[in-house]
Protein chains: 2
Amino acid sequence: MEIVSENYSFGGCQTVYTHRSETCGCDMTFGAYLPPQARHGPVPVLWYLSGLTCTHENAMTKGGFQQHAARHGLAVIFPDTSPRGTTVSDDEAYDLGQGAGFYVNATRDPWKSHFRMYDYVVTELRNLVTEHLSVQDKHGITGHSMGGHGAITIALRNEALFESLSAFAPIAQPTQSDWGRKQLSAYLGDDETAWAGHDSTLLLEEYGWKGDILVDQGASDQFLDLLKPEALADMMARRRQPGQVRMQRGYDHSYFFVNTFASDHVAWHAERLL
Amino acid sequence: MEIVSENYSFGGCQTVYTHRSETCGCDMTFGAYLPPQARHGPVPVLWYLSGLTCTHENAMTKGGFQQHAARHGLAVIFPDTSPRGTTVSDDEAYDLGQGAGFYVNATRDPWKSHFRMYDYVVTELRNLVTEHLSVQDKHGITGHSMGGHGAITIALRNEALFESLSAFAPIAQPTQSDWGRKQLSAYLGDDETAWAGHDSTLLLEEYGWKGDILVDQGASDQFLDLLKPEALADMMARRRQPGQVRMQRGYDHSYFFVNTFASDHVAWHAERLL
């Protein structure tokens, strides 16, 4: 791991690292916030997965997570949203290819050689972070939009690896949305049975979640028809799944929305991780 | 004023406006955060002036001011840092021309026709904001770097117009710095007596400030030699000026620094404005 930048923040340190990823077959960049408490001993980790078009940087600079992480004593990891580089396949559309990894392991050309964000987050980066930073092997996960989809699907498929789960405006039912069908088809092929393993609503139906789930969704989000929060809310209700889907009046899909509720989400994870 | 964007934020609204500026002779853009309290009646205004290369947007998305403004009930105005547009003079350097107005009224060609950020902030935008938004005619002012210079110089020259004053890493003595001499020479000409009216340290020596002043400065700021906080601190000490210059161990010049101390600054202004 090489350090790209280090900035003091709320008594802790916001660092950006690059490293060679075997999983993705390219160099990858991620942000890691270590709170002041980490100087005195390892702290639990909150993973924040970002949305379409984002890099590791967006939430790191606009999300406002550091102050809450510093108050509670959590590390926050900000992975990138896809492999990157001139040798990595891409698409002209903003919602496919670089910046749009969808947290799956692609099985189709031209994507399968690099687009393995599922394994990257679940295994490679987790191991790297746990080994090299002052953190405990105790993890919560959250994310926004495509990253909310990533957080829920990764947690539900790996219940033993995460203690806490939340999401901001997740793509809640990608198998039924233009934010999902296009990408799952490209990355995984046209057999929709393979898609079910990457759909929060379907996974919740199958597995449920061992704990409770916090989902915040802006009621004035411009992408509601693509996100389909009602599908997830309905499934949570039908399963009597502990948790809450909060439709936040007035809020849209932007980082102003994320920033507003970052405090609640970090506190949610802290209560379950500490 | 035309609305460019509106985003709910911490129960209030972060709006971006454009308007035709008579002072600058071009269209100007600014951000205005109105806290939830503004729905029930006018609230005081905190002005945040940004630094070199910034637009209205940087502090609005990275500064983290909205949550504190919402807690205390202050509006926050984020002006741009210069006139803009293809008809507006510019320079290849990042620190002259567009993005580098230095909060002066230029008197020299080619700058004098548009670069009038002093009058724009002190008079035109203030009148526009006070007339059109749900705010009281009660103002505090702060800013970062070039904007910290702007905040201190504008407040000291217009003591009746501002109730409270603070700054983040201000360019504290531009008449003695490469962040200052170049720009004051270009905008105001080579007669240095004209520069003294735009130097925080010299203005403080001449006028003092009616209240107390809060200055935060990162002790690991990469631009310390250009900012010269020691000049301002020394002048405050010599005048026994109420206030404090806090050298914050470990912090640099970035928005991570601003974000960390935004809470203290908004509280500082709230205590003096409410």
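What counts and how
- Residues numbered from 1 in each chain as written.
- Chains lettered and ligands numbered in written order.
- Predicted model: local features only at pLDDT ≥ 70, side-chain atom pairs only at ≥ 80, totals over all residues.
- Heavy atoms only, no water.
- Contact = heavy atoms within 4.5 Å.
- Buried area = accessible area lost by both parts, 1.4 Å probe.
- Salt bridge = Lys/Arg side-chain N within 4 Å of Asp/Glu carboxyl O.
- Polar contact = N/O pair within 3.5 Å; in protein donor to acceptor, adjacent residues only side chain to side chain.
- Helix = DSSP H or I, 4+ residues; strand = E, 2+ residues; numbered from the N terminus.
- Nonpolar A, V, L, I, M, F, W, Y, C, P; charged D, E, K, R; others polar.
- UniProt positions renumbered as here; feature names shortened; annotations may be inferred.
- Buried < 20%, exposed > 50% of the residue type's maximum accessible area, 1.4 Å probe, protein only.
- Axes fitted to C-alpha atoms, helices over the stretch in contact; angles between N-to-C directions.
- Parallel < 35°, antiparallel > 145°, perpendicular 65-115°, else oblique.
- Left-handed = near helix turned anticlockwise from the far one by under 90°.

Chemist: Now, about the interface of chain A and chain B: what can you tell me, with residues and values included?
Modeler: Facing 22 residues of chain A, the contacting portion of chain B comprises 22 residues. Among the residues chain A hides against chain B, the three largest losses belong to Tyr 8, Phe 10 and Phe 256 of chain A. Together they make up 37% of the total. Between chain A and chain B we count zero salt bridges in total. In this assembly, chain A and chain B are joined by 11 residue pairs in polar contact (both at pLDDT 80 or more). Among the secondary structure elements, those contributing two or more residues to the side of chain A that touches chain B are strand S1 (2–9), helix H1 (57–62), helix H2 (65–72) and helix H9 (255–273) of chain A. When the residues that make up the side of chain A that touches chain B are grouped by side-chain class, the tally is six nonpolar, 12 polar and four charged.

Chemist: Outline the UniProt feature "active site" (unreviewed entry) in chain A, listing residues and values.
Modeler: Residue and element names in this part refer to chain A. As annotated by UniProt and renumbered to match this structure, "active site" (unreviewed entry) occupies Ser 145, Asp 221 and His 253. Taken together, the annotated residues stretch across 109 residues yet fold into one region, lying no more than 10.8 Å apart by C-alpha. Secondary-structure assignment places Ser 145 in the loop between strand S6 (135–143) and helix H4 (146–157). Not counting residues within four places of it along the chain, the set of residues in contact with Ser 145 comprises Gly 51, Phe 168, Ala 169, Pro 170, Ile 171, Trp 179, Leu 227 and His 253. Along the chain, His 253 turns up in the loop between strand S9 (243–248) and H9. Relative accessible area serves as the criterion here: at 9%, His 253 is assigned to the buried category. One polar contact links His 253 to Ser 145, side chain to side chain, over a distance of 2.8 Å.

Chemist: So what about the packing of H4 of chain A against helix H6 (residues 200–207) of chain A? Which residues, and what values?
Modeler: All names here are of chain A. Look at H4 against H6: their axes get within 9 Å of each other, and the N-to-C directions meet at 25°. Between H4 and H6, the interaxial angle falls into the category roughly parallel. In this structure, H4 crosses over H6, and the sense of that crossing is left-handed. Contacts from His 149, Ile 152, Thr 153, Leu 156 and Arg 157 in H4 reach Ser 200, Leu 203, Leu 204 and Tyr 207 in H6. Its residues assigned to classes, the contact of H4 with H6 comprises five nonpolar, three polar and one charged.

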